[in-house]
Amino acid sequence: MRKRIYWLLPIACFFVAHLLLGQNLDTPLHIPDSISAIGIPKVEDDDLDEKGVLSKAVVPDTTANLVLKDLEAAYSYDSLWLKELEKNSVSFREMQMEIRQPSEDSLWTLDLPTDTLKARLQLLNEKTPFNIAYNPSLERVIHSFLTKKRGLMERMLTTSQFYFPLFEQELDNYDIPLEVKYLAIVESALNPRAKSRVGATGLWQFMFSTGKMYGLDVSSYVDERSDPVASTVAACQYLSKLYEIFGDWDLALAAYNSGPGNVNKAIRRSGGYENYWNIRRYLPRETAGYVPAFLATLYIFEYASEHGLRKTIVERPFFETDTVRVKNTITFDQISELVGISKEELKILNPQYKLNIIPKVAGKAYTLRLPLKHLGKFVNNETAIYTHVRESLNKREQPLPQLVNSNDRIRYRVKSGDYLGKIAQRYGVGVSQIKRWNGLRSNNLRIGQRLTIYPRKPVAETAGRTVTHNKAKKPVQLPKDPSKIHVVQSGDSLWTISRKYPGVSIENLRKWNGIRGNNLKPGTKLRLCECSS
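What comes next concerns the included structure. (Residues numbered from 1 in each chain as written. Predicted model: local features only at pLDDT ≥ 70, side-chain atom pairs only at ≥ 80, totals over all residues. Heavy atoms only, no water.)

## Side note on the overall build of the protein chain
We count it as follows: Strands here are runs of E lasting at least two residues and helices are runs of H or I lasting at least four, both read from the DSSP assignment and numbered beginning at the N terminus. Three exposure classes are used, based on accessible area relative to the maximum for each residue type with a 1.4 Å probe and protein chains only: buried under 20%, partly exposed in between, and exposed over 50%. The contact rule is simple, with two residues in contact once any of their heavy atoms fall within 4.5 Å. Per-residue and other accessible areas follow the Shrake-Rupley method at a 1.4 Å probe size, with only the shown protein chains counted as cover for residues.
Counting its regular elements, the protein chain contains 25 helices and eight strands. For the protein chain, with 533 residues in total, the buried portion stands at 46%. A fraction of 67% describes how many contacts in the protein chain between residues 6 or more apart in sequence connect residues 24 or more apart. Just so you have it, the protein chain exposes about 28,600 Å², and 50% of that area is on carbon and sulfur atoms.

If you want it as structure tokens, here you go:
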């Protein structure tokens, strides 16, 4: 009997190791509960013994060979962690204000002698590729962060546990110093939905045009600048290019904030200096506070414990989640209902989806990020989930907003009463963007002028008029009297036609014939009166 037990020990050890590591294997042992909401048998807690093994006959999903009970505590967000991530919208505004104009008041006092700070900065300088040296401006920012913005720094220490593993992996892939991960704190306070006053968006604050250069698309449903993975890859590519240009990481960071052109101008105005601190006075005001804020953040993270800064330990780093490619349009409400995950958590894990809808678009591979436990539930029941989703969308009374991709170009004709601000608001773009797209040097427009616009708002929100353009025109009923009909000839215009018939104005012709533009097609028959047919 003892020999038999010894013989079974290796098998038992292998089984335990396989169970513990199964989530990383190609064929995971863990097959989560099925979804009762769409008619798939559900395994209840009573069906499982204390080890999570089936204790009675249950008909599982046909894709499942084994059903194990999940440890919910290992996978679920607690309310504190959700609140920490949700606070980042406030943190973003707080960080931006601190860079532009440091705050004055503080409830904290700081014991940090200048000599101690100098020694610590020297140690940091020795182990990083950045030019870290004592500077009174840097000292003031560090003091401000440790006193006036102490709460902000502690929130960043907590939130960073979720995003930093992702940043470090991508930075390492591009051979970029890992300390650059702190740049995302300065840029967005680790808020993937952060949007600046000039339109920069996401963890790495990409402008629309720069994001397009590095493959970040924007449509009515999706803004890839808010996608943590895609935007981090794009940021690495952009930073690598900037370092190739300047050969200095401090200048690369300054160029990331204000553009390489402003850095080149600052170098020229300084007389040729290529050290950030020597050209700082010639940079835009916000950039002048940008690199010090980055270096101050780096210092605080390295010496957090020495200053008594505390973080909340969380059990959900970014790599405790994974993605699955979406095969059909699906909403967050449907995912929440079917997979058993809160809509708030879906928003945090998938911030790139602007309307809480994941679309299916030809040529695009949109993904859904879920905690590992919920991912298994989704993958093992995909067929049933998509069947339910299709039926649900078919019954939906209000259709989903139409997709407008950033690659979709609209040719807009200027009408009476239009001005650039009005048009920009309608399509969710900036006045400066319209001017750039159309080579405009002033804000003046003329009626009939055509503008090229790349809309960013959903059609349902912005283009009620656009939708009506696509409707079939109601045919105009012509009067029986031929003298009250004009047949359009080549060269005719509404003005020339109105001149031929006294008492008939251009506005009359538009109203009676349902005409919106000025183009007339030869052979078209026009009513010359409001008379009945």
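Having seen it, we continue.
## A word on the packing of helix H5 (residues 114-127) against helix H6 (residues 136-147)
A pair of packed helices is characterised by two quantities: the angle between their axes and the separation of those axes. To keep it simple, the criterion reads: All axes here are fitted lines through C-alpha atoms, helices being fitted over the stretch that makes contact, and every angle between N-to-C directions spans 0 to 180 degrees. Throughout this description, any angle smaller than 35 degrees is read as roughly parallel, any larger than 145 degrees as roughly antiparallel, any in the 65 to 115 degree range as roughly perpendicular, and the remainder as oblique. Residue classes follow a fixed rule: Ala, Val, Leu, Ile, Met, Phe, Trp, Tyr, Cys and Pro count as nonpolar, while Asp, Glu, Lys and Arg count as charged, and any other residue, Gly among them, counts as polar.
In the contact formed by H5 and H6, the axes pass within 12 Å of each other and the chain directions differ by 100°. Taken together, the axes of H5 and H6 lie roughly perpendicular to each other. Note on element contacts: H6 touches H5 through Leu138, Glu139 and Ile142, opposite Thr114, Leu117 and Leu121. Taken together, the residues that form the contact of H5 with H6 break down as four nonpolar, one polar and one charged.

## Side note on helix H20 (residues 420-427)
Test applied: The arc in question is the one traced by the directions running from the helix axis out to the C-beta atoms.
Regarding H20, the residues found buried are Leu420, Ile423, Ala424, Arg426 and Tyr427. The buried residues of H20 all sit within an arc of 160° when viewed along its axis, so they share a single face. Following H20 by one or two positions, Gly428 has its phi on the positive side, about 70°.

## Some points on the pattern of salt bridges
Note the threshold: We define a salt bridge as a side-chain nitrogen of Lys or Arg found within 4 Å of a carboxyl oxygen belonging to Asp or Glu.
Counting across every chain of the model gives 10 salt bridges. A salt bridge links Asp217 to Lys364, with the shortest nitrogen-to-oxygen separation between them at 2.3 Å. One end of the pair, Asp217, is in the loop between helix H9 (208-213) and helix H10 (228-246); the other, Lys364, is in the loop between strand S3 (357-358) and strand S4 (367-371), with 147 residues separating them in the sequence. Under the relative-accessibility criterion, Asp217 is labelled buried at 14%. For Lys364, a relative accessible area of 27% corresponds to the partly exposed category. We note a salt bridge from Asp223 to Arg225, for which the minimum N-O separation is 2.9 Å. For the residue pair Asp223 and Arg225, the accessibility class agrees, reading buried in each case. Salt bridges here are not isolated pairs; linked through shared partners, they connect Lys212, Asp217 and Lys364.

## With respect to the nonpolar core
Applicable threshold: The set of buried Ala, Val, Leu, Ile, Met, Phe, Trp, Tyr and Cys residues whose side-chain atoms join them within 4.5 Å is what this entry labels a nonpolar core.
Counting 70 residues, the largest nonpolar core has Phe167, Tyr256 and Tyr299 as its most contacted members. Residues in contact with Tyr299, not counting those within four places in the same chain, are Leu112, Leu117, Arg120, Leu121, Leu124, Ile142, Leu146 and His307. Membership of the second largest hydrophobic core comes to 23 residues, among which are Val222, Leu338, Tyr386 and Val389.

## Focus on the packing of aromatic side chains
Worth spelling out the cut-off: Only Phe, Tyr and Trp rings take part, Trp by its six-membered ring, and two of them pair if their centres are within 6.5 Å. Stacked means planes under 30 degrees apart, edge-to-face means over 60, and tilted covers everything else. Over a ring means this: the NZ of a Lys or the CZ of an Arg is within 6 Å of the ring centre and within 35 degrees of the ring normal.
For the structure on display, the rule yields 19 aromatic pairs. With centroids separated by 4.3 Å and ring planes inclined at 10°, the aromatic side chains of Tyr243 and Trp249 adopt a geometry described as stacked. Residue Tyr243 is classed as partly exposed on the basis of its relative accessible area of 33%. Take Trp249: its relative accessible area is 7%, and that puts it in the buried class. Geometrically, the ring pair formed by Tyr412 and Tyr427 is edge-to-face, given 6.0 Å between the ring centres and 75° between the ring planes. Here the residue Tyr412 occupies a position in strand S5 (residues 410-413), and Tyr427 occupies one in helix H20, the gap between them amounting to 15 residues. The residues Tyr412 and Tyr427 share a single accessibility class, namely buried. An aromatic cluster is present here, built from Phe162, Tyr163, Phe164, Phe167, Tyr182, Trp204 and Phe301 joined pairwise through their rings. Cation over ring: Lys118 sits above Tyr134, and NZ or CZ is 4.9 Å from the ring centre.

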